[in-house]
Amino acid sequence: MTTVRGRKEGTAAAAGADGLVAWAEESGRRRARGPAQGGLRFVFYGRVSTEDWQDPVTSRARQREQSEALIRGHGVIVAEFFDAGQSRTVAWGRRPEAAALVALLADPDRGWEAIVAGEYERAFYGSQYAAMAPLFEHYGVQLWMPEAGGRVDYASERDEHAMTVLGLSSKREVTRTSIRVRTAMAVQAREQGRYLGGRPPYGYRLGDAGPHPNKAHAAWGRRAHRLEPDPETAHVVRWIFVRRLAGHSVARIARALNDAGVPCPSAADPGRNPHRTGAAWTLGTVTTILSNPRYTGRQVWNRQRTDRDLVDAGDIALGHKPVQRWNLPDGWVISRKPVHPALVSEADFIAAQDISAARGPAPGMGLTAPQKRRYLLAGLLICGGCGRRMESAWSNGKPAYRCRHGHTTASRRGPGRLKNAYIREDRILPHLPALHLQLSEPAAGRRRRRTRRGVDVRYQASPEDVIGYLREQQITLTYDPASGALDAGTAEAAQTITLTAS
């Protein structure tokens, strides 16, 4: 009897142990299914890169169907976030819909417990998963991906490795595509002289160049384009180059165009320049025309490049932003032969560039070349005539400050326009120590030193010390060109003093 009873007790103990294991496993499955009777409540996230080349409706439907197939039997989708026109390289915090999803994570009443995406590449790129996964885990939100076969286990080395490999693969795909596209465009521009899109330069318009070279695009009815002279504006471009070659300055050319009432590029074609005012010709507009090599009849590509800079060096999770920068001429891709009618000869174009390049530092400047220039009072001077901050200007080898009251040399001086304000730095610096004594009178009264003759004199700061004091106290200097005086005061105008600057 003892033996039988001992055997039964041992069997019950074993059954109890198995029951605990079974209970633990079932409890874990119930918690994975979520608190709702039908299982987890999911939020669907999707993305499409470009609305021009991809159909957002079709792409969204496909991603949604893949997500629903993945979670079938585990729960239902109760909310949706879909970013259209957003590249995968853009961080979650800068995608509108993804950012809205992230903002709800901390809300205990958000109404869902898991996120599902139809494709890894639609949600993550590079190291984005590594940046977002800890946030999801912190708020107890599950992530379901087809590549993981369902739920991603944040603590699993296998899933971590899989997500890392997918991120690198996604980044490699973008890089390879970019290289292929850029290489193809370089060949098309150099060998075929093909027009590769964008706004036509001022003086040209788009003309038909026959069926598209790509047979698939041609079958869809797409046509190729080429540049042809615009009868309304081509003569203006020719006139600009003629005047430049005659030795006229860019400002004089722009002023002559404005005086003659010639519409500027954005005014001549407002439909293609909605981002510009179309008010008048500027120095930059004329300079852009004079430096555009496509007026020679050759196709030129890659004058600009797109770099990717960190949005915020203090928060690398925000990712990178595209920044346009100009390439040097040796990086341009130039067609081997002219492919559209020229508005200026190549010899004249090169001569116009030499005129621009010849304008450099004045003779005898030596070490005072632009890279050695220093403006001690930059940002501290205000124009008393118009209230604008005066700009730094190098004059006769010395630093100076000027204000043109918002006007440029591209426009003729009006009858009511103020005369330009101008003052050299060396006229201001000698007055700064006295200015410092009067602005800090209480402190200066206590700061004395004894000379050999036993006379107490007040401490006098150097001009550099005074400039540091002005910047620290946010004190600006207002220059009145009419009286030749400087007015100094704090940002709150609590203390003011006037000094003669002559």
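Residues numbered from 1 in each chain as written. Predicted model: local features only at pLDDT ≥ 70, side-chain atom pairs only at ≥ 80, totals over all residues. Heavy atoms only, no water.

Re the overall build of the protein
We apply this condition: The helix and strand labels rest on DSSP assignments: H or I over at least four residues marks a helix, E over at least two residues marks a strand, and numbering proceeds from the N terminus. Three exposure classes are used, based on accessible area relative to the maximum for each residue type with a 1.4 Å probe and protein chains only: buried under 20%, partly exposed in between, and exposed over 50%. Surface accessibility in these figures is a Shrake-Rupley result with a 1.4 Å probe; residues are shielded only by whichever protein chains are displayed.
Secondary structure assignment for the protein yields 15 helices and 20 strands. Here the protein holds 502 residues, and the buried ones make up 35% of them. Here the protein displays about 29,400 Å² of accessible surface, and carbon together with sulfur accounts for 52% of that area.

A closer look at the confidence of the model for the protein
What counts here: The predictor's confidence in any single residue is recorded as pLDDT, a number from 0 to 100. By the convention used here, residues are in contact when the closest approach between their heavy atoms is within 4.5 Å.
Per-residue confidence for the protein gives a mean pLDDT of 82, with 83% of residues at or over 70. Within the protein, the element-level pLDDT minimum falls on helix α14 (residues 441–446), averaging 50, and the maximum on helix α8 (residues 234–245), averaging 95. Long-range and interchain partners of residues 358–370, a stretch whose pLDDT sits below 50, account for eight contacts in this model, where long-range means more than four residues apart.

Quick word on the side chain of Arg 298
Put simply, the rule is: Throughout this description, a polar contact denotes any pair of N or O atoms lying within 3.5 Å of each other; where both atoms belong to protein, one of them has to be capable of donating a hydrogen while the other can accept it, and for residues adjacent in sequence the pair is counted only when both atoms sit in side chains.
Summarising the element assignment, Arg 298 is placed in the loop between α11 (283–290) and β8 (300–301). A polar contact of 2.6 Å, which involves the side chain of Arg 298, links it to the side chain of Glu 346. The residues touching Arg 298, leaving out its near neighbours within four places in the chain, are Pro 293, Ile 334, Ser 335, Arg 336, Lys 337, Pro 338, Val 339, His 340 and Glu 346.

A short note on the sheet that holds strand β3 (residues 114–117)
Either a parallel or an antiparallel arrangement is found when strands of a sheet pair, and the pairing is made through backbone hydrogen bonds. Defined as follows: When DSSP locates at least two bridges between a pair of strands, those strands are taken to pair. Note on geometry: axes are C-alpha line fits, over the in-contact stretch for helices, and angles between N-to-C directions span 0 to 180 degrees.
The mixed open sheet is built from five strands, whose spatial order is β2-β1-β3-β4-β5. A strand with exactly one partner marks an edge of an open sheet, and here the two such strands are β2 (75–84) and β5 (150–151). Where strand β4 (residues 142–145) and β5 come together, two bridges link them in antiparallel fashion. Among the inter-strand pairings, Trp 144 is bridged to a residue of β5, identified as Arg 151. The sheet strands contacting helix α2 (residues 56–71) are β1 (40–48), β2, β3, β4 and β5, and the helix crosses β2 at an angle near 150 degrees.

Observations concerning the pattern of salt bridges
Heads up, the condition is: Here, a salt bridge means any Lys or Arg side-chain nitrogen found within 4 Å of an Asp or Glu carboxyl oxygen.
Counted according to the given criterion, the structure contains 19 salt bridges. Residue Glu 68 is joined to Arg 64 by a salt bridge in which the shortest nitrogen-to-oxygen separation is 3.0 Å. Taken together, the positions of Glu 68 and Arg 64, both in helix α2 and four residues apart, correspond to about one turn of that helix. Judged by relative accessible area, which is 34%, Glu 68 ranks as partly exposed. Residue Arg 64 is classed as buried on the basis of its relative accessible area, which comes to 19%. Of the charged contacts, one joins Arg 402 and Glu 391 as a salt bridge, the two residues approaching to 2.6 Å between their closest N and O atoms. Taken together, the residues span a long stretch of sequence, with Arg 402 in strand β14 (residues 398–403) and Glu 391 in strand β13 (residues 391–395) at a distance of 11 residues. Among the residues examined, Arg 402 registers a relative accessible area of 32% and is labelled partly exposed. Within the structure, one salt-bridge network assembled from shared partners comprises Arg 60, Arg 64, Glu 68 and Glu 80.

Points about the nonpolar core
Quick note on the threshold: The criterion is simple. A nonpolar core is a set of buried Ala, Val, Leu, Ile, Met, Phe, Trp, Tyr and Cys residues joined through side-chain atoms within 4.5 Å.
The biggest cluster of nonpolar side chains holds 25 residues, and the ones touching the most others in it are Trp 92, Leu 101, Ile 115, Phe 124, Tyr 129, Phe 136 and Leu 143. When residues of this core are traced back to their parent elements, those giving at least two are β1, α3 (96–103), β3, α4 (120–123), α5 (128–138), β4 and α6 (157–192). The greatest single-element share of this core, amounting to four residues, is contributed by α5. The contact partners of Trp 92, leaving out residues within four places of it in the chain, are Tyr 45, Ala 98, Ala 99, Leu 101, Val 102, Ala 123, Phe 124, Gln 128, Met 132 and Phe 136.

Section: the sheet that holds β14
Pairing within the open sheet is antiparallel, and its three strands lie in the order β13-β14-β15. The sheet is open, and its two edges are formed by β13 and β15 (421–424), each paired on a single side. Within this sheet the neighbouring strands show an average axis-to-axis angle of 35 degrees, counted without direction. One ladder, built from four bridges, connects β14 with β15; its direction is antiparallel. Bridge pairing in β15 links Ala 400 to Arg 424.

A look at the pairing of β4
Residue alternation in β4 divides its side chains into two sets, Gln 142 and Trp 144 and Leu 143 and Met 145, and both sets are buried. The pairing of β3 with β4 spans three bridges and is parallel. Paired with Ile 115 across the bridge in β4 is Leu 143. The turn linking β4 back onto β5 is made up of four residues, and Gly 149 within it adopts a positive phi angle of 75 degrees.

Concerning the packing of aromatic side chains
Centre distance and the angle of the planes are the two values used to describe a pair of aromatic rings. Applicable threshold: Any pair of Phe, Tyr and Trp rings, taking the six-membered ring for Trp, is counted once the centres come within 6.5 Å. Such a pair is stacked with planes under 30 degrees apart, edge-to-face with planes over 60 apart, and tilted for the rest. By definition here, charges over rings are those cases where NZ of Lys or CZ of Arg is within 6 Å of the ring centre and within 35 degrees of the ring normal.
Enumeration according to the criterion identifies 12 aromatic pairs in this entry. Consider the rings of Phe 124 and Tyr 129, whose centres lie 5.8 Å apart with planes at 85 degrees: the pair is edge-to-face. Residues Phe 124 and Tyr 129 agree in their burial class; the two are buried. A ring pair is formed by Tyr 375 and Trp 394, whose centres lie 5.7 Å apart and whose planes are at 90 degrees; its orientation type is edge-to-face. Here Tyr 375, found in the loop between α12 (346–358) and β12 (381–383), pairs with Trp 394, found in strand β13; they are 19 residues apart in sequence, far enough to count as distant. One aromatic cluster in this structure is built from Tyr 45, Trp 92, Tyr 120, Phe 124, Tyr 129 and Phe 136. The side chain of Arg 110 reaches across the aromatic face of Trp 112, ending 5.2 Å from its centre. Cation over ring: Arg 303 sits above Trp 332, and NZ or CZ is 5.5 Å from the ring centre.

Examining the side chain of Ser 156
Residue position: Ser 156 is located in the loop between β5 and α6. Here the side chain of Ser 156 touches Asp 159 through a polar contact of 3.3 Å, landing on its backbone nitrogen.

Considerations on helix α15 (residues 463–472)
Inclusion rule: Throughout, the arc means the angular range of directions from the helix axis out to the C-beta atoms.
By the burial criterion, the buried members of α15 are Val 466, Ile 467 and Leu 470. End-on, the buried residues of α15 take up no more than an arc of 100 degrees, which puts them together on one face. Buried residues belonging to α15 abut α13 (432–439) and β18 (476–480). Positive backbone phi, approximately 55 degrees, marks Gln 474, located one or two places after α15.

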